[in-house]
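Each chain, letter by letter, is given below.
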Amino acid sequence: MLRLQKFLAQAGHGSRRSCEQLIKDGKIIVNGQVAILGSKVSQADDVVFKGKRVTLKTGDLKVIMLNKPRGVLSSKKDEKKIKL
(Lines give C-alpha, C1' and ligand atoms only; values in the text may rest on other atoms or scores of the structure.)
Protein backbone atom coordinates (compact mmCIF):
# COMPACT_ATOMS: atom_id res chain seq x y z
CA MET A 1 0.00 0.00 0.00
CA LEU A 2 1.21 3.50 -0.87
CA ARG A 3 0.11 6.93 0.25
CA LEU A 4 -2.09 8.41 -2.44
CA GLN A 5 0.23 11.34 -3.25
CA LYS A 6 3.17 8.97 -3.74
CA PHE A 7 1.04 6.69 -5.93
CA LEU A 8 0.04 9.65 -8.13
CA ALA A 9 3.64 10.88 -8.35
CA GLN A 10 4.92 7.44 -9.36
CA ALA A 11 2.17 7.29 -11.98
CA GLY A 12 3.57 10.48 -13.54
CA HIS A 13 1.08 13.11 -12.38
CA GLY A 14 3.65 15.46 -10.83
CA SER A 15 5.72 15.74 -7.69
CA ARG A 16 4.40 14.47 -4.37
CA ARG A 17 3.75 18.06 -3.26
CA SER A 18 1.80 18.93 -6.41
CA CYS A 19 -0.15 15.67 -6.06
CA GLU A 20 -1.00 16.64 -2.47
CA GLN A 21 -2.52 19.83 -3.85
CA LEU A 22 -4.60 17.84 -6.38
CA ILE A 23 -5.95 15.77 -3.47
CA LYS A 24 -6.70 18.88 -1.37
CA ASP A 25 -8.51 20.45 -4.33
CA GLY A 26 -10.79 17.40 -4.57
CA LYS A 27 -9.64 16.42 -8.05
CA ILE A 28 -8.84 12.80 -7.16
CA ILE A 29 -11.52 10.12 -6.80
CA VAL A 30 -10.72 6.81 -5.05
CA ASN A 31 -13.26 3.99 -5.30
CA GLY A 32 -16.05 6.44 -6.18
CA GLN A 33 -15.39 8.92 -3.35
CA VAL A 34 -13.41 12.16 -3.23
CA ALA A 35 -10.00 11.33 -1.78
CA ILE A 36 -8.61 12.79 1.40
CA LEU A 37 -4.96 13.61 2.06
CA GLY A 38 -3.05 10.80 3.75
CA SER A 39 -5.20 7.95 2.47
CA LYS A 40 -3.47 4.79 1.27
CA VAL A 41 -4.17 2.97 -1.98
CA SER A 42 -3.07 -0.17 -3.78
CA GLN A 43 -3.10 -1.31 -7.40
CA ALA A 44 -6.54 -2.87 -6.74
CA ASP A 45 -8.10 0.51 -5.85
CA ASP A 46 -9.86 2.55 -8.51
CA VAL A 47 -8.06 5.92 -8.61
CA VAL A 48 -9.47 8.48 -11.07
CA PHE A 49 -8.08 11.86 -12.17
CA LYS A 50 -9.81 13.98 -14.82
CA GLY A 51 -12.13 11.10 -15.66
CA LYS A 52 -9.30 8.64 -16.40
CA ARG A 53 -8.14 5.72 -14.29
CA VAL A 54 -4.64 6.15 -12.86
CA THR A 55 -2.33 3.15 -12.95
CA LEU A 56 1.30 2.72 -12.04
CA LYS A 57 3.64 2.35 -14.96
CA THR A 58 5.27 -1.03 -15.10
CA GLY A 59 8.40 -2.06 -16.88
CA ASP A 60 12.10 -2.02 -16.49
CA LEU A 61 13.62 0.89 -14.64
CA LYS A 62 16.92 2.05 -16.09
CA VAL A 63 19.32 4.02 -13.95
CA ILE A 64 22.19 5.86 -15.59
CA MET A 65 25.04 7.04 -13.41
CA LEU A 66 27.55 9.59 -14.59
CA ASN A 67 30.85 10.67 -13.10
CA LYS A 68 31.95 14.30 -13.15
CA PRO A 69 35.74 14.30 -13.03
CA ARG A 70 37.52 16.66 -10.67
CA GLY A 71 38.15 20.05 -12.28
CA VAL A 72 35.23 19.84 -14.72
CA LEU A 73 32.77 22.75 -14.55
CA SER A 74 29.16 21.58 -14.92
CA SER A 75 27.33 24.89 -14.95
CA LYS A 76 26.27 27.37 -17.60
CA LYS A 77 28.20 30.16 -15.85
CA ASP A 78 31.28 30.23 -13.70
CA GLU A 79 30.03 32.89 -11.29
CA LYS A 80 32.91 32.36 -8.86
CA LYS A 81 35.59 32.54 -11.58
CA ILE A 82 37.35 29.53 -10.15
CA LYS A 83 40.72 28.72 -11.70
CA LEU A 84 41.28 24.99 -12.00
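Nothing here was measured: the structure is a model prediction, and the numbers come from that model.

Draft legend 1. Focus on the overall build of the protein chain. Within the protein chain, the regular secondary structure consists of two helices and six strands. Looking at the protein chain as a whole, 21% of its 84 residues qualify as buried. Counting contacts in the protein chain only where the partners sit at least 6 residues apart, residues at least 24 apart contribute 41% of the total. Treating the 19 positive side-chain charges of the protein chain as one cloud and the 7 negative ones as another, the clouds have centres 6 Å apart.

Draft legend 2. Structural detail: the nonpolar core. Among the nonpolar cores identified, the biggest contains 14 residues, and Leu4, Leu8, Ile28, Val30, Val47 and Val54 are the most heavily contacted of them. Taken together, the elements giving at least two residues each to this core come down to helix H1 (4-10), helix H2 (16-24), strand S2 (28-30) and strand S5 (47-49). With residues up to four places along the chain from it excluded, the contact list for Leu4 reads Ile23, Ile28, Val30, Ala35, Ser39, Lys40, Val41 and Val47.

Draft legend 3. Focus on a nonpolar patch on the surface. On the surface, Leu61, Val63 and Met65 cluster together into a nonpolar patch covering about 440 Å² of accessible area. By secondary structure assignment, the location of Met65 is in the segment after strand S6 (52-53).

Draft legend 4. Representation of the environment of Val47 in the model. Relative to the elements of secondary structure, Val47 occurs in strand S5. A relative accessible area of 0% means that Val47 is categorised as buried. Separated by 26 residues in the primary sequence, Val47 and Leu73 place their C-alpha atoms 45 Å from one another. What Val47 contacts, discounting residues up to four positions off in sequence, is Leu4, Phe7, Leu8, Ile28, Ile29, Val30, Val41, Lys52, Arg53 and Val54.

Draft legend 5. Fine view of H2. Taken as a whole, H2 has its buried residues at Cys19, Glu20, Leu22 and Ile23. On an axial view of H2, the arc spanned by its buried residues comes to 160 degrees, and they lie on one face. Residues of H2 that are exposed and point over 90 degrees away from its buried face: Arg17 and Lys24. Backbone geometry just downstream of H2 places Gly26 in the positive-phi region, at approximately 75 degrees.

Scoring rules and cut-offs
- Residues numbered from 1 in each chain as written.
- Predicted model: local features only at pLDDT ≥ 70, side-chain atom pairs only at ≥ 80, totals over all residues.
- Heavy atoms only, no water.
- Helix = DSSP H or I, 4+ residues; strand = E, 2+ residues; numbered from the N terminus.
- Buried < 20%, exposed > 50% of the residue type's maximum accessible area, 1.4 Å probe, protein only.
- Contact = heavy atoms within 4.5 Å.
- Lys, Arg positive; Asp, Glu negative; His and termini not counted.
- Charge placed at Lys NZ, Arg CZ, Asp CG, Glu CD.
- Core = buried A, V, L, I, M, F, W, Y, C linked by side-chain atoms within 4.5 Å.
- Patch = residues over 30% accessible without salt bridge, like charges linked within 9 Å, V, L, I, M, F, W, Y side chains within 5 Å.
- Areas by Shrake-Rupley, 256 points an atom, 1.4 Å probe, with all protein chains shown as cover.
- Salt bridge = Lys/Arg side-chain N within 4 Å of Asp/Glu carboxyl O.
- Arc of directions from axis to C-beta.

Note that all results are geometric; they support no functional claim without further evidence.
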